[in-house]
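Chain by chain, the residues:
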Amino acid sequence: MERNEAWRVLSQATGELLGEGRVSSDVTFSFCLVECPCGETVLIPRLEHEPTSDEMDFIGAMFVRCVECQRETRHLEVRSDGSAPRQREDPRCSKCGGNAFHLGQCDRYEDGGFFDCGVVMGICPRCQEFEVILHTD
């Protein structure tokens, strides 16, 4: 899957998941395709989340490692008090078990830019299965 196709598919899927097209007009959405500085869009995500993190409210950090150049960067961090120990999680495709994804992040904003919620979703480049990596609230 090429970059433009990954952008199109993930922007549509993440927007639908957050209610795009079904919510009031004062709600806006912001989407980005997660990319390595080298331009590669197939990345291996790693989550380090706090024990208070749950399926719908991620608290921790998401790192991504590029399959091409192996560079690892922190893509996202949601903190609470920062003192809790973090647990590591390596997301995998539920269909084929692969650990690399095209990743897209979509955030929903209400009333003048107030952050409401967000999602990071991946699509497996091997089998095209969608996986929700994390939700933020």
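Up top is the structure.
Residues numbered from 1 in each chain as written. Predicted model: local features only at pLDDT ≥ 70, side-chain atom pairs only at ≥ 80, totals over all residues. Heavy atoms only, no water.

**Student:** Go over the environment of Pro51, please, and point to the residues and values.
**Tutor:** Counting through the fold element by element, Pro51 comes out in the loop between strand 2 (42–49) and strand 3 (60–66). Its relative accessible area of 46% is what places Pro51 among the partly exposed residues. In the structure, Pro51 is positioned 36 residues away from Gln87 in sequence and 7.1 Å away in space, judged by C-alpha atoms. (Helix = DSSP H or I, 4+ residues; strand = E, 2+ residues; numbered from the N terminus. Buried < 20%, exposed > 50% of the residue type's maximum accessible area, 1.4 Å probe, protein only.)

**Student:** Hey, could you go over unusual backbone geometry for me, with residue numbers and the actual values?
**Tutor:** A positive phi angle is found at Gln70, which is not glycine, with a value near 70°. By secondary structure assignment, the location of Gln70 is in the loop between strand 3 and strand 4 (72–78). Accessibility expressed as a relative area gives 43% for Gln70, which makes it partly exposed.

**Student:** Could you give an account of the pairing of strand 7 (residues 114–123), naming the residues involved and the relevant values?
**Tutor:** The buried count for strand 7 comes to eight of ten residues, which makes it a mostly enclosed element. The hairpin formed by strand 6 (residues 101–110) and strand 7 contains three residues between the paired strands, and Asp111 there has a positive phi angle of roughly 30°. Of the strand pairs in this sheet, strand 7 and strand 8 (residues 130–136) are connected by six bridges, and their pairing is antiparallel. Counted as the bridge partner of Val119 is His135 from strand 8. (Pairing = 2+ DSSP bridges.)

**Student:** Break down empty space enclosed by the protein for me, citing the residues and quoting the values.
**Tutor:** In the structure shown here, the tally under the stated rule is one cavity of 30 Å³ or more. A volume near 30 Å³ is recorded for the largest cavity. Every residue along the wall of the largest cavity is listed here: Glu35, Cys36, Pro37, Leu43, Val64, Arg65, Cys66, Arg71 and Thr73. A per-element tally of the lining of the largest cavity places strand 3 first, with three residues. (1 Å grid on protein atoms, 1.4 Å probe; cavity = no way out; pocket = protein on both sides within 12 Å on 5 of 7 lines; lining within 4 Å. Points joined across faces, edges and corners; volume = space filled by probe spheres on them.)

**Student:** An account of the pattern of salt bridges is needed here, citing residue identities and associated values.
**Tutor:** The tally for this structure, following the rule as stated, stands at eleven salt bridges. With its nearest N and O atoms 2.6 Å apart, the salt bridge here joins Arg3 to Glu35. Remark: Glu35 occurs in the loop between strand 1 (27–33) and strand 2 and Arg3 occurs in helix 1 (residues 3–17); sequence separation between them is 32 residues. Look at Arg3 and you get partly exposed, because its relative accessible area is 37%. A relative accessible area of 32% means that Glu35 is categorised as partly exposed. Note that Arg46 and Glu48 form a salt bridge whose closest N and O atoms lie 2.2 Å from each other. The buried category is assigned to Arg46, whose relative accessible area is 11%. Each of the salt bridges in this network shares a partner with another, and the network as a whole consists of Glu50, Arg74, Glu77, Arg79 and Arg86. (Salt bridge = Lys/Arg side-chain N within 4 Å of Asp/Glu carboxyl O.)

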